[in-house]
Amino acid sequence: MPSPNATFTEMVSTTLRNHSRDVVDNVSDNNSLLRKMKSRGNIKTESGGYTLTYPLEYAANSTYQRYSGYDTLNVQASDVISAASYDWAQIALHVTASGRELKMNNSKEAMIKLVKARIANAKHPAANNLSIDLYSDGALSNQINGLAALVTGDGTGTVGGIVSSTFTFWKNQFLEYSGTPSTANIGDAFNRVWMPCVRGNDKPDIIVLSQDYYNLYESSLQNNQRYAKSDSASLGFDELMYKSAQVIFDDNSNFGTTAAVGYFLNTKYLYLVQHSEAQWTQDDDKKPINQDAVVVPLYWMGQLIVTNRNVQGKLVNAS
C-alpha cells in the first residue's frame with residue numbers, strides 16, 4: 001500500500017498535470033496589465049541564454065537623401081540597432097504537507113480535499129506576489145524589474161544595461177505634476193503625459209493608476225463616463241477609457257508607495273518573458289531530513305522587459 005507521502009505527491013503531480021495551465025493562467029488573469037500583455041502575445045517563452053537580450057531601434061537611419069541625376073548617394077552603414085539585456089529572475093513556490101496531516105487525511109476523499117486546498121493555497125500567493133513584483137523597482141533581492149524600474153519618475157535610469165543619461169533615446173516620458181491633484185486638473189495631467197508618448201498610430205494602450213488618481217479621473221468624467229468594452233470586465237476588473245487606452249487601477253500597496261502614480265504604457269514594447277522549463281513548473285518532491293513533511297516545489301524563471309522606453313510615460317505628484 002502506498003505511503004501517505006507517496007499518495008500526496010502523486011495526487012499533487014496528477015492534479016498539476018491535468019490542470020497545468022491553472023497556476024499560469026491564475027497569475028496572468030489576476031492582473032489586468034498581464035492579461036493585456038497576454039492578449040497581445042507578449043508573454044513570451046525562451047529556452048535559455050545567459051541573459052535575455054532583445055533588439056531595439058535607437059537611432060534614425062541617416063542615409064535618407066534627396067538627390068537628382070548623378071548625385072553621389074550616401075551609402076554609409078547606419079548603426080540603428082542595439083539591444084537591451086536583462087538578467088533572469090527566479091521564484092520558488094512550494095506545496096507542502098506535514099506527516100501528521102498526511103496520516104490524518106489518509107483516506108482517498110480526505111487526501112483529495114487536502115491536495116485541492118494546498119494547490120489553491122499555492123495559486124493565490126503566486127498571483128498576488130507577482131502583481132507586487134510587477135509594479136516594483138526591483139530593489140528586493142532577486143526581484144524582477146517592475147514598472148517602477150522600467151518606467152521611472154524622472155525618465156532616467158539604467159534599464160536593460162543601457163544608461164539613459166548617455167543614450168537619451170532610452171529615456172521614458174514623465175510628468176511631475178505640481179500642486180494638489182483634483183478632478184479639475186487630472187485631465188490636463190493626462191494630456192501632458194499622453195502627447196509625448198504618441199508616435200502616429202503608436203500610442204499607449206493601457207493606463208495603470210493608483211487608487212488616488214483613478215478615483216479622481218472617474219469623478220472628473222461624471223456623466224460622460226466611458227467604460228471599456230473588453231473581456232476584462234467579465235473577470236471583475238473595473239475599467240474606464242482615456243482616448244483609445246483602457247484605464248485601470250491597482251491597490252496602492254502593490255505599487256509599494258503611498259504616493260499617487262500612473263503608468264501610460266504601450267504594451268507593444270512590454271514583455272513578460274518566461275523560461276520554457278520554469279513556468280510554475282513542478283520539480284521532484286523533497287523530504288526534509290529534519291522534518292516529518294513532504295514538499296513539492298514549483299519554479300518560475302523570467303523577467304519583465306521593455307524594448308522601447310521612449311513611448312512609455314509616468315505621472316507622479318511632485319508635491
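Conventions used here
Residues numbered from 1 in each chain as written. Predicted model: local features only at pLDDT ≥ 70, side-chain atom pairs only at ≥ 80, totals over all residues. Heavy atoms only, no water. Helix = DSSP H or I, 4+ residues; strand = E, 2+ residues; numbered from the N terminus. Buried < 20%, exposed > 50% of the residue type's maximum accessible area, 1.4 Å probe, protein only. Areas by Shrake-Rupley, 256 points an atom, 1.4 Å probe, with all protein chains shown as cover. Phe/Tyr/Trp six-rings, centres within 6.5 Å; stacked < 30°, edge-to-face > 60°. Pairing = 2+ DSSP bridges. Core = buried A, V, L, I, M, F, W, Y, C linked by side-chain atoms within 4.5 Å. Axes fitted to C-alpha atoms, helices over the stretch in contact; angles between N-to-C directions. Contact = heavy atoms within 4.5 Å. Patch = residues over 30% accessible without salt bridge, like charges linked within 9 Å, V, L, I, M, F, W, Y side chains within 5 Å. Salt bridge = Lys/Arg side-chain N within 4 Å of Asp/Glu carboxyl O. pLDDT = per-residue confidence, 0-100.

1. Structural notes on the overall build of the protein
Turning to step 1, where the next piece is worked out: The number of helices and strands found in the protein is 9 helices and 14 strands.
Turning to step 2, where the next piece is worked out: By the burial criterion, 44% of the 319 residues in the protein qualify as buried.
Turning to step 3, where the next piece is worked out: Of the roughly 16,600 Å² of accessible surface on the protein, 48% is carried by carbon and sulfur atoms.

2. Things to note about the packing of aromatic side chains
In this description, a pair of aromatic rings is defined by centroid distance and the angle of the planes.
Turning to step 1, where the next piece is worked out: Summed over all chains, the structure comprises 10 aromatic pairs.
Turning to step 2, where the next piece is worked out: Each ring, one from phenylalanine 190 and one from phenylalanine 264, has its centre 5.3 Å from the other, and the planes form 85 degrees; the classification is edge-to-face. One end of the pair, phenylalanine 190, is in helix 7 (residues 186-197); the other, phenylalanine 264, is in strand 11 (residues 261-265), and 74 residues separate them in sequence. Phenylalanine 264 carries the same exposure label as phenylalanine 190, and that label is buried.

3. So, the pairing of strand 14 (residues 313-317)
Turning to step 1, where the next piece is worked out: Burial analysis of strand 14 places 4 of its 5 residues in the buried class, the great majority of the element.
Turning to step 2, where the next piece is worked out: Relative to strand 14, strand 11 runs antiparallel, the two sharing 4 bridges. The residue of strand 14 that forms the bridge with phenylalanine 264 is glycine 313.

4. With respect to the nonpolar core
Turning to step 1, where the next piece is worked out: With 45 residues, the main nonpolar core has Leu33, Tyr86, Leu265, Leu270 and Leu304 as its most contacted residues.
Turning to step 2, where the next piece is worked out: Residue contributions to this core peak at 7 residues, all from strand 13 (residues 293-306).
Turning to step 3, where the next piece is worked out: Ranked by size, the runner-up nonpolar core spans 20 residues in total, among them Ile186, Ile207, Ala245 and Ala260.

5. Re the sheet that holds strand 7 (residues 173-177)
Turning to step 1, where the next piece is worked out: In spatial order, the strands read 7-14-11-8-10-9; together these 6 strands make up an open sheet with mixed pairing. Lying at the two open borders of the sheet, with one neighbouring strand each, are strand 7 and strand 9 (240-242). For this sheet, the mean inter-axis angle between neighbouring strands, taken without regard to orientation, is 20 degrees.
Turning to step 2, where the next piece is worked out: Where strand 8 (residues 206-210) and strand 11 come together, 4 bridges link them in antiparallel fashion. Residue pairing for strand 11: valine 208 is matched across the bridge by tyrosine 263.
Turning to step 3, where the next piece is worked out: In this fold helix 7 packs onto strand 7, strand 8, strand 9, strand 10 (245-250), strand 11 and strand 14, with an angle of close to 160 degrees to the strand it touches most, strand 7.
Turning to step 4, where the next piece is worked out: Where helix 8 (residues 211-221) meets the sheet, it contacts strand 8, strand 9, strand 10, strand 11 and strand 14, and its direction lies at approximately 110 degrees from that of strand 8.

6. Quick look at the sheet that holds strand 4 (residues 89-98)
Turning to step 1, where the next piece is worked out: Read across the sheet, 4 strands follow the order 1-12-13-4 without closing on themselves; strand pairing throughout is mixed. Strands at the two margins of the open sheet, each flanked by one partner only, are strand 1 (43-46) and strand 4. Neighbouring strand axes in the sheet, compared pairwise and without regard to direction, differ in orientation by 30 degrees on average.
Turning to step 2, where the next piece is worked out: Where strand 12 (residues 270-282) meets strand 13, 8 bridges bridge the pair, whose relative direction is antiparallel. Bridge pairing in strand 13 links leucine 272 to leucine 304.
Turning to step 3, where the next piece is worked out: Sitting on the sheet, helix 3 (residues 32-40) is in contact with strand 1, strand 12 and strand 13, with an inclination near 95 degrees to strand 12.

7. Examining unusual backbone geometry
Turning to step 1, where the next piece is worked out: Unusually for a residue other than glycine, lysine 243 sits at a positive phi of about 50 degrees.
Turning to step 2, where the next piece is worked out: Inspection of the secondary structure puts lysine 243 in the loop between strand 9 and strand 10.

8. Structural notes on helix 3
Turning to step 1, where the next piece is worked out: Among all positions of helix 3, only Ser32, Leu33, Leu34, Arg35, Lys36 and Met37 are buried.
Turning to step 2, where the next piece is worked out: Glycine 41 occupies a position one or two residues after helix 3 and carries a positive phi of about 80 degrees.

9. Considering a nonpolar patch on the surface
Turning to step 1, where the next piece is worked out: On the surface, a nonpolar cluster with roughly 350 Å² of combined accessible area is contributed by Tyr67, Leu73 and Val75.
Turning to step 2, where the next piece is worked out: Within the secondary structure layout, leucine 73 lies in the loop between strand 2 (52-57) and strand 3 (81-86).

10. A few points about the environment of methionine 241
Turning to step 1, where the next piece is worked out: Assignment of secondary structure puts methionine 241 in strand 9.
Turning to step 2, where the next piece is worked out: Methionine 241 gets classed as buried once you look at its relative accessible area, which sits at 15%.
Turning to step 3, where the next piece is worked out: Sequence-wise, methionine 241 and isoleucine 206 are 35 residues apart; in three dimensions their C-alpha atoms are separated by 8.8 Å.

11. Brief notes about the confidence of the model for the protein
Turning to step 1, where the next piece is worked out: Residues of the protein with pLDDT of at least 70 account for 81%, and the chain-wide mean is 82.
Turning to step 2, where the next piece is worked out: Under a pLDDT of 50 for its full length, residues 233-237 has, in the predicted model, 7 contacts with residues more than four places off or in other chains.

12. Some points on the pattern of salt bridges
Turning to step 1, where the next piece is worked out: With the rule as written, the count across this model stands at 6 salt bridges.
Turning to step 2, where the next piece is worked out: The partner of aspartate 202 in a salt bridge is lysine 268, with the nearest N and O atoms 3.9 Å apart. A residue pair is termed long-range when its members are at least 10 positions apart, and aspartate 202 in the loop between helix 7 and strand 8 and lysine 268 in the loop between strand 11 and strand 12 qualify at 66 residues.
Turning to step 3, where the next piece is worked out: Its relative accessible area of 39% is what places lysine 268 among the partly exposed residues.
Turning to step 4, where the next piece is worked out: A salt bridge links lysine 286 to aspartate 283, with the nearest nitrogen and oxygen atoms 3.5 Å apart.
Turning to step 5, where the next piece is worked out: You can call aspartate 283 partly exposed: its relative accessible area is 27%.
Turning to step 6, where the next piece is worked out: One salt-bridge network, held together by shared partners, links Lys103, Lys287 and Asp292.

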